[in-house]
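Notes for the structure review
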Amino acid sequence: MSDMPQTNKSVSGGAGSVPVPVPDQGEPPPDSRTPVAAGDGNEVSANDQGDPDIIKSPSDPKKYRYIELTNGLRALLISDFSGGSEDCEDQREDRDAEEQETQGGEEEEEGDSGEGSEEDQEDSEEEEQDSDFDELEEENTGGKKRSSEKQAAAALCISVGSFSDPDELPGLAHFLEHMVFMGSEKYPAENGFDAFLKKHGGSDNASTDCERTIFQFDVQRKFFREALDRWAQFFICPLMIEDAVDREVEAVDSEYQLARPSDSHRKEMLFGSLAKPGHPMSKFCWGNAQTLKNEPREKQINTYQRLRDFWRRFYSAEYMTLVVQSRETLDTLEDWVRQTFIHIPNSGEPRPDFSHLQQPFDTPAFNQLYRVVPVRKVHALTISWAVPPQGKQYRVKPLHYISWLIGHEGAGSILSLLRRRCWALALFGGNSETGFDQNTTYSIFSISITLTDQGYQNFYQVVHLVFQYLKMLQAVGPQQRIYEEIQKIEANEFHYQEQTDPIEFVENICENMQLFPKEDFLTGDQLMFEFDPQVISAPLSLLTPHRSNLLLLSPENEGVCTLRERWFGTSYSSEEIPEEWRQRWGGDFQLHPELHLPAENQFIATDFTLKMSDCPDTEVPVRIASSERGCLWYKKDNKFKIPKAYIRFNLISPMIQKSPEKDVKQSSWGSEVTGQRLSLVLFDLFVNILAHNLAEPAYEADVAQLEYKLVAAEHGLVVRLKGFNHKLPLLLRLIVDQLADFSADPGVFNMFSEQLKKTYFNILIKPDRLGKDVRLLILEHCRWSVIQKHQAVTKGLTVLDLMTFVTELKAELYTEGLVQGNFTSTESRQFLNYFTEKLQFQPLPAEAPVLFRVVELPQKHHLCKIKSLNKGDANSEVTVYYQSGLKQLREHALMELMVVPGVPDLQEHLGGAGILRHRGNTGHQVQLGAGGGEDRGVPAELRGASGSPESGGL
């Protein structure tokens, strides 16, 4: 299932904005709405009011105040006295868990919304291949800290980035972002700030984009004032001692090495090289040891002096926007900000401006076909256009409207037609939030398609179908009905938005402050304000064949790609598009009759009534139904009071862990498949094909903010739903109906068999994923390794194997459900009844063994070395695993606080950060690797837009 197109972050369109349409909470958003002032929501003194000009969501309890300092720095103060940590903590845990469990056929290309690159997508998909054992780990860590108190946070955005790098020092902006953290005159300890944050439950990070650099941190509230002062010194008087230069160059080089095996990074660097000579898009913005140390020494360039000059010129207060959030009054926050940040110097120099460098890709080399050899086994086609900058059109968001239609998966869409032909698995269309995709010189609009083997053989036909759909959109013109449908969905989500982690929130808003006028700081990147067909038609009319760039990734390109990209070593070739296709596309070609605009969306919520409880309130979910075929847990939401709900059903079956001993023989890896079926592989195939069957009928629900996940879990199928409760039952019935009537077309079966083979292979070529798989193979009693799964699907499975497996799977089940939110207990029981009545399964003959067990290791040291399967990847990973046995709850808590002796020295030696992870009731592990657990310094334009680096390390 692909992500739907999301709002693009754009540049400010100036003042005079129309108030944001927001309804009163608990009522459906009307067509004509009034703004909610940012100061509303809390009883405060007259001296501590928020700014009434800043529009916010009615469900947002925070207060806001905008101030400008005399040195030119602009700041937004956020006072948050709402609840405790549990408000966002509960929601964050739900989100973290769901992000680990996107099942599917390897959605390889970067998201249409910029919400993840191809490797991000794949990593999330790979997680379902792991056991509940790993789910425990992720739930305990989530990749983030857990805190008993909502963190205070701050973020600062500077309107300078890698576009400003000197030609002779590529990566200098990125390098400076590293160096400012190396101590200050007031706090000279080189890593003192990081140590302070870690001591007080905090974290920090930074990223460099094309035209912006962002720094952020969070910490426990009682240490926020001191942390703010320590952090501000990096922008007031950083030491940047010369002795630290070489060490930090190695850190930058390490990030570059981690990024080199990433296909998305390789693709972007190749794409940037197509820009006109002299345009900053062609720069190498990562930087490495070669550009920042070796070549400057050969050319007698003083990198250290240029670094200080760059800081004095560009780290100027008038270029900066600051956001601080804490459980303090606005007056207190204002005092802190004015006292501390007034000391940031103002260079008095004009702001960097690249807006005169328009049309960087208006060259003959752009409108060609580029074949690329990827690192992973994947067939992927990307069609791209460079259009004028769209930032000033943020109120209309023309590219968002186009993305919505291009990325649609319902009847009449491009992907619907490609799937029926078994040519494609996923399609993403749009413009991400990174500087690579949009800046002041251009905006990129891309359509990325994950192709099957058959689709790769017919990729010109795939391109032709895309051009037909675009021609259809241009012919019918922008549709007000569709625009208002998108507008309504975005308004619903904004009105009932969940509170996000403070560090994520301030990071987003400080960048918004660079892009939008004050009233739209909180809304400019989310809402659709006004329908303007002329504004939408302008970029739409430019999406023509003769302006497009074709990029085709495939292992089949090996041997025919004789060119190499300079920085990432990508093998590629360039060729003219065949004259046959140029003539066909240049003429008045016919449109495919099955391509059309989507029908009206029946899943958009219109009833936002909060339901009355029909049973006693409880603090935790309680079991309200139980039988031999299933049980149901339920909790009515009387805390958040929003018209949303969460539904989860586990369909438990002993078939998943059915022992296939009779079908295997021993080998050096433990076992080798000899031709019979393997339940786990068939289960993976089943869930992938079920998701494929659901993709078209359930897509309207997906774009209407009703989330659903199908997860191939350790003991059965997990069905998760979340969103506005009004139409959630309709989606649940659709999923159960598809499950009951499951079928697998032979072409679809073959398509997903081939794709699953690639998915397993792409897991194995990553050092961290391979190491994790082998470690779990050692620890788990009955685990099939990914290598064994790859062998099984390679040996060959049939549709009959699958259908036999599914029939047996559905014959005997136990259904365990949880309903939480704005549903009554009576409605919730009906959900359980629908499962049991529609599926008509028999009860299990014996209770399914759902408890997880691991091997008890002998009490001595063990060492397991694994050679990476990707010879071109220079990255390594070390995992240290400690097993402690069964513990009581108190002992678990103590183990969470345990510091492993000697690890900090080892971490420093390896140049990374150690992470102590609690492993359920079985043990602890420390993972170490170059790059640590942070993504500080990764250029944002070359990362997945989710803000986390793609690496072969942690």
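Residues numbered from 1 in each chain as written. Predicted model: local features only at pLDDT ≥ 70, side-chain atom pairs only at ≥ 80, totals over all residues. Heavy atoms only, no water.

Some remarks on the overall build of the chain
The helix and strand inventory of the chain stands at 29 helices and 25 strands. Put simply, of all contacts in the chain between residues at least 6 apart along the chain, 82% involve residues at least 24 apart. For the chain, the exposed surface amounts to about 37000 Å²; the carbon and sulfur share of it is 50%. (Helix = DSSP H or I, 4+ residues; strand = E, 2+ residues; numbered from the N terminus. Contact = heavy atoms within 4.5 Å. Areas by Shrake-Rupley, 256 points an atom, 1.4 Å probe, with all protein chains shown as cover.)

Thoughts on the pairing of strand S15 (residues 630–636)
Moving residue by residue along a regular strand, the side chains alternate between the two faces of the sheet. S15 sits mainly inside the fold: six of its seven residues count as buried. Relative to S15, strand S14 (residues 622–627) runs antiparallel, the two sharing five bridges. Pairing of Val-622 across the sheet is with Tyr-634, part of S15. Adjacent in sequence and paired antiparallel, S14 and S15 are bridged by two residues. As paired strands, S15 and strand S21 (residues 814–821) are joined by seven bridges and run parallel to one another. For Lys-635, the partnering residue across the bridge sits in S21 and is Gln-820. (Buried < 20%, exposed > 50% of the residue type's maximum accessible area, 1.4 Å probe, protein only. Pairing = 2+ DSSP bridges.)

Quick look at the side chain of His-692
The topology assignment puts His-692 in helix H20 (residues 679–695). Beyond its immediate sequence surroundings of up to four residues, His-692 is in contact with Arg-419, Val-748, Met-751 and Phe-752.

So, the sheet that holds strand S13 (residues 571–575)
Read across the open sheet, the seven strands follow the order S9-S10-S8-S11-S7-S13-S12; overall the sheet is mixed. Each edge of the open sheet is held by one strand with a lone partner, namely strand S9 (424–430) and strand S12 (563–564). When strand S7 (residues 369–372) meets strand S11 (residues 549–553), the two strands line up parallel, connected through four bridges. Each bridged residue has a counterpart across the sheet, and for Val-372 the counterpart in S11 is Leu-553. Strand contacts of helix H12 (residues 398–406): S9 and strand S10 (443–451), with the helix running at about 10 degrees to S10, the strand carrying the most contacts. (Axes fitted to C-alpha atoms, helices over the stretch in contact; angles between N-to-C directions.)

Description of the packing of helix H4 (residues 172–179) against helix H10 (residues 303–314)
The description of two helices packed together rests on the angle between their axes and the distance between the axes. Running from N to C, H4 and H10 point in directions that differ by 85 degrees, and their axes come no closer than 10 Å. Judged by the angle between their axes, H4 and H10 are roughly perpendicular. Where H4 approaches H10, its residues Leu-172, Ala-173, Phe-175, Leu-176 and Met-179 are matched on the opposing element by Thr-303, Arg-306, Leu-307, Phe-310 and Trp-311. In the contact of H4 with H10, the residues fall into eight nonpolar, one polar and one charged. (Parallel < 35°, antiparallel > 145°, perpendicular 65-115°, else oblique. Nonpolar A, V, L, I, M, F, W, Y, C, P; charged D, E, K, R; others polar.)

Some thoughts on the confidence of the model for the chain
Of the residues in the chain, 79% reach a pLDDT of 70 or more, and the chain-wide mean stands at 81. Segment residues 1–35: pLDDT under 50, and 127 contacts once partners within four positions in sequence are set aside and those in other chains are kept. When the criterion is pLDDT under 50, residues 84–148 qualifies, and its contacts beyond four places in sequence or with other chains add up to 215 contacts. (pLDDT = per-residue confidence, 0-100.)

Thoughts on the state of the cysteines
Scanning the model with the defined rule gives zero disulfides in all. With no disulfide of its own, Cys-210 has Cys-285 as its nearest cysteine by sulfur position, at a separation of 6.0 Å. (Disulfide = S-S within 2.5 Å.)

Looking at helix H26 (residues 799–811)
Taking 1.5 Å of rise per residue, the 13 residues of H26 would be expected to cover 18 Å, and the 18 Å separating its terminal C-alpha atoms lies within 8% of that figure. Listed in full, the buried residues belonging to H26 are Leu-802, Phe-805, Val-806, Leu-809 and Lys-810. End-on, the buried residues of H26 take up no more than an arc of 125 degrees, which puts them together on one face. Residues of H26 that are exposed and point over 90 degrees away from its buried face: Leu-800 and Thr-807. Next to the buried residues of H26 lie H20, helix H22 (728–740) and helix H23 (746–764). (Expected span 1.5 Å × (residues − 1). Arc of directions from axis to C-beta.)

What about the packing of aromatic side chains?
The final tally for this structure, using the stated rule, is 44 aromatic pairs. Aromatic side chains Phe-823 and Phe-831 sit 5.0 Å apart centroid to centroid with 80 degrees between the ring planes, which places their arrangement in the edge-to-face category. An aromatic cluster of three or more residues is present, and its members are Phe-181, Phe-193, Phe-215, Phe-217, Phe-224, Trp-231, Phe-234, Phe-235, Tyr-315, Trp-336 and Phe-341. In this structure, Arg-395 is placed above the aromatic ring of Phe-529, and the distance from its NZ or CZ to the ring centre is 4.2 Å. (Phe/Tyr/Trp six-rings, centres within 6.5 Å; stacked < 30°, edge-to-face > 60°. Lys NZ or Arg CZ within 6 Å of the ring centre and 35° of its normal.)

Describing helix H24 (residues 767–779)
With 13 residues, H24 ought to run about 18 Å at 1.5 Å a step, and its terminal C-alpha atoms sit 18 Å apart, in line with that. The element H24 is extensively covered by neighbouring structure, given that ten of its 13 residues are classed as buried. Regarding H24, the residues found buried are Pro-767, Asp-768, Arg-769, Leu-770, Lys-772, Asp-773, Val-774, Arg-775, Leu-776 and Leu-779.

Looking at the sheet that holds strand S19 (residues 707–712)
The strands making up a sheet are joined through hydrogen bonds of the backbone, oriented either antiparallel or parallel. Here six strands make up an open sheet; going across it, the order is S14-S15-S21-S16-S20-S19 and the pairing mixed. Since the sheet does not close on itself, it has two edges, and those belong to S14 and S19, each with one partner. Across the sheet, the mean angle separating the axes of adjacent strands is 10 degrees when strand polarity is ignored. Pairing geometry for strand S16 (residues 644–652) and S21, over eight bridges, is antiparallel. Directly across from Ala-645, in S21, lies its bridge partner Gly-821. Contacts from H22 reach S16, S19 and strand S20 (716–724), with the element oriented near 155 degrees to S20.

So, the pattern of salt bridges
Across all of its chains, the model carries 35 salt bridges by this definition. Between Arg-371 and Glu-575 there is a salt bridge, with the nearest N and O atoms lying 3.0 Å from each other. Residue Arg-371 is located in strand S7, and its partner Glu-575 is located in strand S13; the two are separated by 204 residues in the primary sequence. Shared partners join several salt bridges into a network, and the residues in it are Arg-65, Asp-331, Glu-334 and Arg-338. (Salt bridge = Lys/Arg side-chain N within 4 Å of Asp/Glu carboxyl O.)

Comments concerning the pairing of S19
Most of S19 sits inside the fold, with five of its six residues counted as buried. Direction of pairing for S19 relative to S20: antiparallel, over a ladder of six bridges. The partner of Tyr-708 across the bridge, within S20, is Leu-721. The hairpin formed by S19 and S20 contains three residues between the paired strands.

Considerations on the packing of H20 against helix H25 (residues 786–795)
Contact geometry of H20 with H25 gives a least axis separation of 9 Å together with a crossing angle of 75 degrees. Compared by their axis directions, H20 and H25 come out roughly perpendicular. Counting all contacts with H20, which are made through Leu-680, Val-681 and Asp-684, the residues of H25 involved are Lys-789, Ala-792 and Val-793.

Quick notes on the nonpolar core
In this structure, Ile-406, Ile-449, Phe-686, Leu-717, Leu-731 and Leu-802 are the most contacted members of the largest nonpolar core, which totals 132 residues. The residues touching Ile-406, leaving out its near neighbours within four places in the chain, are Ile-414, Leu-427, Gly-429, Phe-445, Ile-447, Tyr-469, Leu-470 and Leu-473. Listed in part, the 60 residues of the second largest apolar core include Leu-172, Phe-217, Ala-227 and Ile-344. (Core = buried A, V, L, I, M, F, W, Y, C linked by side-chain atoms within 4.5 Å.)

Examining the environment of Arg-720
Within the secondary structure layout, Arg-720 lies in strand S20. A relative accessible area of 3% means that Arg-720 is categorised as buried. Measuring from C-alpha to C-alpha, the distance between Arg-720 and Tyr-646 comes to 7.6 Å, with 74 residues separating the pair along the chain. Side chain to side chain, Arg-720 and Tyr-646 meet in a polar contact 3.4 Å long. (Polar contact = N/O pair within 3.5 Å; in protein donor to acceptor, adjacent residues only side chain to side chain.)

With respect to the side chain of Asp-229
Among the structural elements, Asp-229 can be located in helix H6 (residues 224–236). Within the local environment of Asp-229, its side chain forms a polar contact with the side chain of Lys-186, the two groups lying 2.8 Å apart. With residues near it in sequence (within four places) discarded, Asp-229 still touches Lys-186, Tyr-187 and Thr-340.

Regarding unusual backbone geometry
With a phi angle near 55 degrees, Lys-641 is a residue other than glycine that sits in the positive phi range. Residue placement: Lys-641 occurs in the loop between S15 and S16. A relative accessible area of 47% places Lys-641 in the partly exposed class. Residues other than glycine seldom take positive phi values, yet Gln-705 does so here, at roughly 70 degrees. Tracing the backbone shows Gln-705 in the loop between helix H21 (699–703) and S19. Judged by its relative accessible area of 14%, Gln-705 is buried.

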